[in-house]
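Residue-level structure breakdown
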Amino acid sequence: MFGISEGKWRELNGLNTATEISNQPKLWEETLNIIEANKEKINNFMGKYYDKNTQIIFSGAGTSAYAGEIITPYLNKNVDGNFNAIASTNIVANPEMYLKNTPTIMVHFARSGNSPESIASYNLGNQLIENISHVFITCNKNGKLAQISEDDEKVLLILMPEKSNDKGFAMTSSFSCMLVAATLLFDKDNFNKNKKELLKSIEISKNILNNGHIELKELLDGDFNRIVYVGSGSFYGLAKESTLKLLELTRGQIISHSETVLGFRHGPKSIVDDKTYVFIYISNEDYSKKYDKDLINEIYHDAGEHKLITIGKEYDKNIEDISDYHIYLDNEDINNEVFIGLLYVIYAQIFALLTSVKTNVEPDNPNPSGAVNRVVKGVRIYDYK
């Protein structure tokens, strides 16, 4: 996997993370099958609790929160509804700022289903919103959220493939499977189109997993200590997730930052020095892409030894000419920004994994001191009245 033998991954204590990144195509197909197998249950739930005036809140913490930030712009563009991404960490700390008493479906993304904020945001939603129901998209059939669903008829439980419950520290396959499930679930009028594009994405992802480390080798061999991910729309949430993966898997030894394309000039660009790599996720929309190209051109011609890496759906000679590295999917058949983003993020996952090895951090346990944990610890939940 990624140019390293299974035995070596064991020695590096990275076998779980490497395997979980590699398993994603298979798990995406399993997720598709799960949604299809539960169509009747899903349709019954949606028919009872959902219409275009229902507020949909996608919630979670960390990577799970970023999943909501990725899917929300896509759904607001393509589906007649009211979709919002609000991190469970924000809801728990300031519930009245984020929870309005209007008909709501709260969607909880959760790998383990055991995070204190997951349970607390569910309880706060029930406390503050009269007409509320919940969708639990979780990877752990034995987690607390899954247990709650057994006693609450207003909860739709969608269990992800068992192997998506990542054993490694960082969320990889859990993150991508939950995004696939939510896209198929809420963009139901485009289900057949999305199914076709997902199956195509699965084929492309296999090629990236086989060859991505080769495409990234020169970058990985380079001298860098700062990474910036930039993207707009759904790709901004993707940039946040890419940044978090690198931060987690290198134990913060590589400084990482995320920003929107237009926001980057407003101060955050100060982070760029001679040892910085700037990754820009190129938009799928022609209008937005104009702003991408302007920033790409600007950064490429800025003085310094920084490197600019552009990642796009299709090859673009004009962009290649103003990039140090131009990576592309070479496919015109996929237009779903969520699925395009999942292909982009595989590059970020591979880069973070191999940078973890480069910095002598164990990918499966990057924080042996316990300062940061796979399932968050030390969170005290207070009663809200």
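Scope of this entry: the structure provided in the associated data block. (Residues numbered from 1 in each chain as written. Predicted model: local features only at pLDDT ≥ 70, side-chain atom pairs only at ≥ 80, totals over all residues. Heavy atoms only, no water.)

Focus on the overall build of the protein
Along its length, the protein carries 16 helices and 10 strands. Taken over the C-alpha trace, the protein has a radius of gyration of 20 Å; the compact-globule value for 385 residues is 21 Å, and the two agree within 12%. Here the C-alpha coordinates of the protein stretch approximately 55 × 45 × 40 Å along the principal axes. Looking at the 385 residues of the protein, the share that counts as buried comes to 56%. Considering only residue pairs separated by 6 or more positions, the protein has 75% of its internal contacts joining residues 24 or more positions apart. (Helix = DSSP H or I, 4+ residues; strand = E, 2+ residues; numbered from the N terminus. Rg over C-alpha atoms; globule rule 2.2 N^0.38 Å. Buried < 20%, exposed > 50% of the residue type's maximum accessible area, 1.4 Å probe, protein only. Contact = heavy atoms within 4.5 Å.)

Thoughts on the sheet that holds strand 1 (residues 55–59)
Reading across the sheet, the five strands line up as 2-1-3-4-5 and stay open at both edges, with parallel pairing between neighbours. Each having just a single partner strand, strand 2 (82–85) and strand 5 (155–159) make up the two edges of the open sheet. Between one strand and the next, the sheet's axes are offset by a mean angle of 15 degrees, whatever the strand orientation. Where strand 1 meets strand 2, four bridges bridge the pair, whose relative direction is parallel. Residue pairing in the sheet places Gln 55 in a bridge with Asn 82 of strand 2. Sheet strands touched by helix 8 (residues 116–128): strand 1, strand 3 (104–110), strand 4 (132–138) and strand 5. Its angle to strand 3, the strand with the most contacts, is close to 175 degrees. With respect to the sheet, helix 10 (residues 173–186) is in contact with strand 1, strand 2, strand 3, strand 4 and strand 5, its orientation differing from that of strand 4 by roughly 140 degrees. (Pairing = 2+ DSSP bridges. Axes fitted to C-alpha atoms, helices over the stretch in contact; angles between N-to-C directions.)

Some details on the sheet that holds strand 9 (residues 307–312)
Overall, parallel pairing links the five strands, which are arranged 7-6-8-9-10 in an open sheet. Edge positions in the sheet fall to strand 7 (255–259) and strand 10 (325–328), since each of these pairs with one other strand and no more. Averaged over all pairs of adjacent strands, the angle between their axes in this sheet comes to 15 degrees, without regard to strand direction. In terms of strand pairing, strand 6 (residues 226–230) meets strand 7 through five bridges, oriented parallel. Looking at the pairing, Ile 227 lines up with Ser 256 of strand 7. Relative to the sheet, helix 13 (residues 234–249) contacts strand 6, strand 7 and strand 8 (276–281), its axis offset from that of strand 7 by approximately 175 degrees. Its contacts with the sheet place helix 16 (residues 337–358) against strand 6, strand 8, strand 9 and strand 10, and it is angled at close to 160 degrees to strand 8.

Some details on the packing of helix 3 (residues 24–37) against helix 10
It is at 9 Å that the axes of helix 3 and helix 10 come closest, and there the two elements cross at 35 degrees. Our pair here, helix 3 against helix 10, has a crossing hand that is right-handed. On helix 10, the residues touching Gln 24, Leu 27, Trp 28, Thr 31, Leu 32 and Ile 35 of helix 3 are Ser 173, Ser 176, Cys 177, Val 180, Ala 181 and Leu 184. Among the residues forming the contact of helix 3 with helix 10, the class breakdown is eight nonpolar, four polar and no charged. (Left-handed = near helix turned anticlockwise from the far one by under 90°. Nonpolar A, V, L, I, M, F, W, Y, C, P; charged D, E, K, R; others polar.)

A short note on the packing of aromatic side chains
Going through the model one piece at a time under the given rule, you end up with 16 aromatic pairs. When the centroid spacing of 5.8 Å and the interplanar angle of 15 degrees are considered together, the rings of Phe 58 and Phe 109 count as stacked. Of the two residues, Phe 58 is situated in strand 1 and Phe 109 in strand 3; the sequence distance between them amounts to 51 residues. Aromatic rings pair up to connect Phe 224, Tyr 229, Phe 235, Tyr 277, Phe 279, Tyr 281, Tyr 344 and Phe 351 into one cluster. Sitting over the face of the ring of Phe 191, Lys 39 holds its NZ or CZ atom 4.2 Å from the ring centroid. (Phe/Tyr/Trp six-rings, centres within 6.5 Å; stacked < 30°, edge-to-face > 60°. Lys NZ or Arg CZ within 6 Å of the ring centre and 35° of its normal.)

Observations concerning a nonpolar patch on the surface
Together, Leu 262, Tyr 287 and Tyr 291 make up an exposed nonpolar region whose accessible area comes to about 320 Å². For Tyr 291, the location among the structural elements is in helix 14 (residues 286–301). (Patch = residues over 30% accessible without salt bridge, like charges linked within 9 Å, V, L, I, M, F, W, Y side chains within 5 Å. Areas by Shrake-Rupley, 256 points an atom, 1.4 Å probe, with all protein chains shown as cover. Salt bridge = Lys/Arg side-chain N within 4 Å of Asp/Glu carboxyl O.)

A look at the packing of helix 11 (residues 191–215) against helix 16
Angle between the axes and distance between the axes: these two values describe a pair of packed helices. Running from amino to carboxyl end, helix 11 crosses helix 16 at an angle of 25 degrees, the nearest separation of the two axes being 9 Å. Overall, the two elements helix 11 and helix 16 adopt an arrangement that is roughly parallel. The two elements helix 11 and helix 16 cross, and the hand of that crossing is right-handed. On helix 16, the residues that touch Asn 194, Glu 197, Leu 198, Ser 201, Ile 204, Ser 205, Ile 208, Leu 209, Gly 212, His 213 and Glu 215 of helix 11 are Phe 339, Leu 343, Ile 346, Tyr 347, Ile 350 and Leu 354. (Parallel < 35°, antiparallel > 145°, perpendicular 65-115°, else oblique.)

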